[in-house]
Amino acid sequence: MRELIEYVAKSLVDNAEKVEINEINGAQTNVIELKVAKEDVGKIIGKSGRTADAIRTILNCGAAKMNKRYILHIIDE
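Predicted model, so just to flag it, every value in this text is computed and none were measured.

Attention now moves to the pairing of strand 1 (residues 20-25). Relative to strand 2 (residues 29-36), strand 1 runs antiparallel, the two sharing 6 bridges. Bridging from a neighbouring strand, I21 pairs with L34 of strand 2. Connecting strand 1 to the next strand, strand 2, in antiparallel fashion are 3 residues.

Laid out in structure tokens, this is it:
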């Protein structure tokens, strides 16, 4: 799942080299922290959060196939 979110994020932002992904594995829920440059946060979140919701939907669909649960946190530098 880490590679999927990294690919989507790097496709959306201008500073692809500043995209960092941190995956925290829990007992039932895994957390993916997406860190992007400050000027790219708007591109990841999108208008009214639509892009962020779309990324979360992709993440949840992939996680459902693996019978896991993921949460996406977007962090700006």
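To continue, consider the environment of Q28. On the secondary structure map, Q28 appears in the loop between strand 1 and strand 2. Judged by its relative accessible area of 70%, Q28 is exposed. Sequence separation of Q28 and Y70 is 42 residues, and the distance between their C-alpha atoms is 9.0 Å.

In this model, helix 3 (residues 50-65) (16 residues) spans 23 Å end to end at C-alpha, consistent with the 22 Å of a helix rising 1.5 Å per residue. Three or more residues of helix 3 are buried, namely A52, I55, L59 and A63. Viewed along the axis of helix 3, the buried residues span an arc of 75 degrees, placing them on a single side of the element. Turned more than 90 degrees away from the buried face of helix 3, the exposed residues are R50, C61 and K65. In this structure, the buried residues of helix 3 make contact with helix 1 (2-12), strand 2, helix 2 (41-45) and strand 3 (69-76). A positive phi of about 55 degrees marks N67, the residue just after helix 3.

Another aspect to go through is the sheet that holds strand 3. Pairing within the open sheet is mixed, and its 3 strands lie in the order 1-2-3. Only two strands of the sheet have a single neighbouring strand rather than two, namely strand 1 and strand 3. Ignoring strand direction, the axes of neighbouring strands in this sheet form an average angle of 20 degrees. Along the sheet, helix 1 makes contact with strand 1, strand 2 and strand 3, crossing strand 1 at roughly 155 degrees.

Parameters and conventions
- Residues numbered from 1 in each chain as written.
- Predicted model: local features only at pLDDT ≥ 70, side-chain atom pairs only at ≥ 80, totals over all residues.
- Heavy atoms only, no water.
- Pairing = 2+ DSSP bridges.
- Helix = DSSP H or I, 4+ residues; strand = E, 2+ residues; numbered from the N terminus.
- Buried < 20%, exposed > 50% of the residue type's maximum accessible area, 1.4 Å probe, protein only.
- Expected span 1.5 Å × (residues − 1).
- Arc of directions from axis to C-beta.
- Contact = heavy atoms within 4.5 Å.
- Axes fitted to C-alpha atoms, helices over the stretch in contact; angles between N-to-C directions.

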